[in-house]
Structure formats: C-alpha cells, structure tokens
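# Summary of the model geometry
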Amino acid sequence: MKTVFQLRSLRVTGKAKEPAELAFGPGFNVVSGASSTGKSYILQCIDFACGAGRRPKVIDESIGYETVELELQDASGNRHKLERSLKGGDARHFVSDGNGWKAAQAPTLSAKHSATDPETISGFLLQLSSLWGNKVRTNAAGNLISLSFRDVAHLVLVDEKRIIEDRSPIFSGQNTLETKEASVFNLFLTGVDDSSVIAHETRKE
C-alpha cells in the first residue's frame, strides 16, 4: 500500500512544564537509545494519541505532563494535529491553515471506534489511510467485522520486544485473533478486504 499519512511530531505538555517534543522525518522512523531513556513511553504516547485505550505508563520524567499532541501530514500535504489528555477521553482535531492551528470541521473525535461514525480517532485515521469502510474476517466461518485502526496499529508501531520475538510481528500472539490479523495484513498487501466472504451458517441458525 502507498503511504497515505506520516507522523511529523509528538509533543507532551503540562502546566509549568517545558514541552517535550520529538520530530519525525519522511518515511520510516526508528526511535533508538539506551535502556530507560523513554523509547517505550514515546511509542505508548503515539499509540494513545491514535486511540489506544491504555494510557502511557507513568515514568518519573512524565510527572506533571497532562496532554499528548500528535502532528500528522496527509497525502495531500495537509497538516493535522490530534490532542488528547493523558488521563483519557476523546481527542481534539486541529488542522493547519499555514499560520497556525484551527479547529477541524469535526473538532472532537471519539476514542471509541464505530463502524458507522467516521468522526472517531479510528475513523479519521482510517480515512487518511484510505481504509475506512473495509471489513475483515474474524474466524474460519467467515464472520466479518468493520476494520478499526486498533487492528492496524500493531503493524505500524512495532516495539523492541516484538522485533526480537520468534513469531512474525504481524501476529499479536493471541490465537483467537490470528485469522483477523492475517486478514488485516492481507488487506495491506493486496488492497482488497473480505467484504465478499459469505459467513457459514450453522444448523442452529
């Protein structure tokens, strides 16, 4: 699949705290460093800004910070910013007008994915990725679900632990999710989802 949006910067802010920021370059980015330098925290903040339910772990250096901001650039060169409280909840969506940030047409994005509502963090990111509305199979019987950005995140945000594990990084290790995870990866490779799959009906049904 072609690249349809890229990370540009990550920032955490708090009252009376100097903003901590990390800039990203075009294409593939690797965050490296010695142990206990905040690599995992950075990845957790990116994932959280992208709709993860689990908040970043509190580390000594993060005390006093309240908000995470993730800046993105879409395929047309437009800049977007997602802002989310580190305590959880929904996200604010801003767009750049060249002179600063202004509220987007849908200024608040729900943290919870909805198959019918694109005004969620998941829906927004799937639209940027040209993946909104796709369906993937969840089991051998052919049952389908709406693709969520949560199904995609583990393919684009890979931590050190998963890099050195024996199993393929396309799988999370949960056996019940393998069919869905393989379907999501197939969608990445081919651009074709599982909408044409007809679910097998049991005798009871």
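In what follows, the structure referred to is the one given above.
Since this is a predicted model, take the numbers as computed values, not measurements.

### Topic: the overall build of the protein chain
On a plain count of helices and strands, the protein chain comes out with 5 helices and 8 strands. Beginning at the N terminus, the succession of helices and strands in the protein chain can be written as β-β-α-β-β-β-β-α-β-β-α-α-α. Relative to a compact globule of 205 residues, whose C-alpha radius of gyration would be 17 Å, the protein chain shows 18 Å and is just as compact. Counting only C-alpha atoms, the protein chain reaches 65 × 40 × 30 Å along its principal axes. Looking at the 205 residues of the protein chain, the share that counts as buried comes to 37%. Working note: accessible area of the protein chain is about 12,500 Å², and carbon and sulfur atoms make up 50% of it. Computing the positive centroid from 25 side-chain charges and the negative centroid from 25, the protein chain places the two 3 Å apart.

### Notes on the sheet that holds strand β5 (residues 91-96)
With antiparallel pairing, 6 strands are arranged side by side in an open sheet as β2-β1-β3-β4-β5-β6. Looking at strand neighbours, the two that pair on one side only are β2 (20-23) and β6 (101-109), the edges of this open sheet. The average undirected angle you get between the axes of adjacent strands in this sheet is 20 degrees. Bridge analysis of strand β1 (residues 5-13) against strand β3 (residues 67-74) gives 8 bridges, and the strand direction is antiparallel. Bridging across to β3, Gln-6 finds its partner in Gln-73. Contacting β1, β3, β4 (79-85), β5 and β6, helix α2 (residues 121-128) runs over the sheet at an angle of about 160 degrees to β4.

### Structural notes on a nonpolar patch on the surface
A cluster of nonpolar side chains, contributed by Val-158, Ile-163 and Ile-164, occupies part of the molecular surface with about 300 Å² of accessible area. Structurally, Val-158 can be placed in the loop between α3 (149-156) and α4 (160-164).

### Regarding the nonpolar core
Ranked by size, the top nonpolar core spans 36 residues in total, and within it Leu-10, Ile-46, Val-68, Leu-72, Leu-125, Leu-147 and Phe-149 carry the most contacts. Top contributing element to this core by residue count: helix α1 (residues 39-49), with 6 residues. Those residues in contact with Ile-46 that lie beyond four places of it in its chain are Leu-7, Leu-10, Phe-24, Leu-70 and Leu-157.

### Structural notes on the state of the cysteines
If you walk through the whole model with that rule in mind, you get 0 disulfides. Not engaged in a disulfide, the cysteine Cys-45 finds its nearest cysteine sulfur in Cys-50; these two sulfurs lie 11 Å apart. Residue Cys-45 is classed as buried on the basis of its relative accessible area of 1%.

### What about α2?
For α2, the tally of buried residues reaches 7 of 8 residues, placing the bulk of the element in the interior. Ser-130 sits one or two positions beyond α2 and adopts a positive phi of about 60 degrees.

### A closer look at the environment of Val-95
Topologically, Val-95 is positioned in strand β5. Remark: the alpha-carbon pair of Val-95 and Gly-53, spanning 42 residues in sequence, is separated by 24 Å. If sequence neighbours within four positions are ignored, Val-95 has contacts with Arg-79, His-80, Gly-100, Trp-101, Lys-102, Ala-103 and Ala-104.

### Observations regarding the pairing of β5
Relative to β5, β4 is paired through 5 bridges, and the arrangement is antiparallel. Considered in β5, the bridge of Glu-83 is made with Arg-92. If you look at the hairpin formed by β4 and β5, you'll find 5 residues sitting between the two strands, and Gly-88 has a positive phi there, around 110 degrees. In terms of strand pairing, β5 meets β6 through 5 bridges, oriented antiparallel. Residue Val-95 lies in a different strand from β6, and its bridge partner there is Lys-102.

About the criteria used
- Residues numbered from 1 in each chain as written.
- Predicted model: local features only at pLDDT ≥ 70, side-chain atom pairs only at ≥ 80, totals over all residues.
- Heavy atoms only, no water.
- Helix = DSSP H or I, 4+ residues; strand = E, 2+ residues; numbered from the N terminus.
- Rg over C-alpha atoms; globule rule 2.2 N^0.38 Å.
- Buried < 20%, exposed > 50% of the residue type's maximum accessible area, 1.4 Å probe, protein only.
- Areas by Shrake-Rupley, 256 points an atom, 1.4 Å probe, with all protein chains shown as cover.
- Lys, Arg positive; Asp, Glu negative; His and termini not counted.
- Charge placed at Lys NZ, Arg CZ, Asp CG, Glu CD.
- Pairing = 2+ DSSP bridges.
- Axes fitted to C-alpha atoms, helices over the stretch in contact; angles between N-to-C directions.
- Contact = heavy atoms within 4.5 Å.
- Patch = residues over 30% accessible without salt bridge, like charges linked within 9 Å, V, L, I, M, F, W, Y side chains within 5 Å.
- Salt bridge = Lys/Arg side-chain N within 4 Å of Asp/Glu carboxyl O.
- Core = buried A, V, L, I, M, F, W, Y, C linked by side-chain atoms within 4.5 Å.
- Disulfide = S-S within 2.5 Å.

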